[in-house]
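This is what each chain is made of:
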Amino acid sequence: MTDTLNKQTLQNFEIAFEEEYAKVETNNSKGIIICTLLVDYVPITNFKAIFHKITNIVKKGNYNKFIFDKRALRAFHQPSMEWYFLDWKKEVFSYGIKTHRKILPKEAWFVKLVMIAKKQIALENPGNIIRDLDIKYCDSIEEAIAE
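Nothing here was measured: the structure is a model prediction, and the numbers come from that model.

Rules of the game
Residues numbered from 1 in each chain as written. Predicted model: local features only at pLDDT ≥ 70, side-chain atom pairs only at ≥ 80, totals over all residues. Heavy atoms only, no water. Pairing = 2+ DSSP bridges. Helix = DSSP H or I, 4+ residues; strand = E, 2+ residues; numbered from the N terminus. Axes fitted to C-alpha atoms, helices over the stretch in contact; angles between N-to-C directions. Contact = heavy atoms within 4.5 Å. Phe/Tyr/Trp six-rings, centres within 6.5 Å; stacked < 30°, edge-to-face > 60°. Buried < 20%, exposed > 50% of the residue type's maximum accessible area, 1.4 Å probe, protein only. Lys NZ or Arg CZ within 6 Å of the ring centre and 35° of its normal. Expected span 1.5 Å × (residues − 1). Bend = angle between axes of the 7 residues up to and from the residue. Right-handed = clockwise from strand over helix to strand, strands pointing away.

Caption draft 1: Spotlight on the sheet that holds strand β6 (residues 134-138). Spatial strand order, β1-β2-β3-β4-β5-β6: six strands in an open sheet with mixed pairing. Two strands in the sheet have a free side with no partner beyond their single neighbour: β1 (14-18) and β6. Pairwise comparison of adjacent strand axes, ignoring direction, gives a mean angle of 15° for this sheet. Pairing of strand β4 (residues 65-69) with strand β5 (residues 99-103) involves five bridges; the strand directions are parallel. The residue bridging Phe68 from the neighbouring strand is Lys102, located in β5. This element, helix α2 (residues 44-60), spans β1, β2 (22-27), β3 (32-37) and β4 of the sheet and lies at about 165° to β3.

Caption draft 2: Just the packing of aromatic side chains, in detail. According to the stated counting rule, one finds 15 aromatic pairs in the structure shown. Pairing Phe47 with Tyr84 gives two aromatic rings, centres 6.3 Å apart and planes at 75°, and the pair type is edge-to-face. Linking Phe47 in helix α2 with Tyr84 in helix α3 (residues 78-93), this pair joins segments that are 37 residues apart in sequence. The two residues Phe47 and Tyr84 agree in class, both being buried. Ring geometry for Phe51 versus Tyr84: centroids 5.4 Å apart, planes at 65°, classification edge-to-face. Pair noted here: Phe51 is in helix α2 and Tyr84 is in helix α3, with a separation of 33 residues, a long-range link. The same class applies to Phe51 as to Tyr84, namely buried. Across from the ring centre of Phe17, 4.9 Å away, lies the NZ or CZ of Lys53, which sits over that ring. The cationic tip of Lys98 hangs over the ring face of Phe93; the distance from NZ or CZ to the ring centre is 4.8 Å.

Caption draft 3: Summary view of α3. Compared with an ideal rise of 1.5 Å per residue, which puts 16 residues at 22 Å, α3 spans 21 Å between its outermost C-alpha atoms and is within 8% of the ideal. A maximum bend of about 35° is found in α3 at Tyr84. Listing the buried residues of α3 in full gives Ser80, Met81, Trp83, Tyr84, Phe85, Trp88, Lys89 and Val92. At its buried positions, α3 is contacted by α2, β4, β5, α4 (108-124) and β6.

Caption draft 4: Here's a closer look at the pairing of β5. Burial analysis of β5 places five of its five residues in the buried class, which makes it a mostly covered element. Going residue by residue along β5, you find Thr99, Arg101 and Ile103 tucked away on one face and His100 and Lys102 tucked away on the opposite face as well. One crossover worth recording links β4 to the parallel β5 by way of α3, and it is right-handed. Across five bridges, the pairing between β5 and β6 is parallel. Residue His100 lies in a different strand from β6, and its bridge partner there is Ile135. Considered for its hand, the β-α-β crossover made up of β5, α4 and β6 is right-handed.

Put into structure tokens, the structure is as follows:
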């Protein structure tokens, strides 16, 4: 059933690229990019490479929403999160990505680490753009697209 819902929801999305660590899908008419991580850990150099490719997609389209599906992760990497939060979000904000939806793994420890790290990053970087972003956590791709 979930597979059917996923296929229906994503039927108007095109695969921009898929590789060992991630699959990125786009819907230019809806202004949405979805990045789904496919493995339990992504080395930071690969993580940054994926997001640089996404930036190039953002620059070529008319996107305003980014959905980040992290459900496959089983390792939390603070330096990756800091770069994503402080550098990447700031860059794509300048190209119109103001809405961010995140789907986290169900493990309570992972969710708690994300919230602690997010709070710490915001406190240590008071000039960040978090106040200008619409960030919500969702339980599914369908919810993230609808929100």
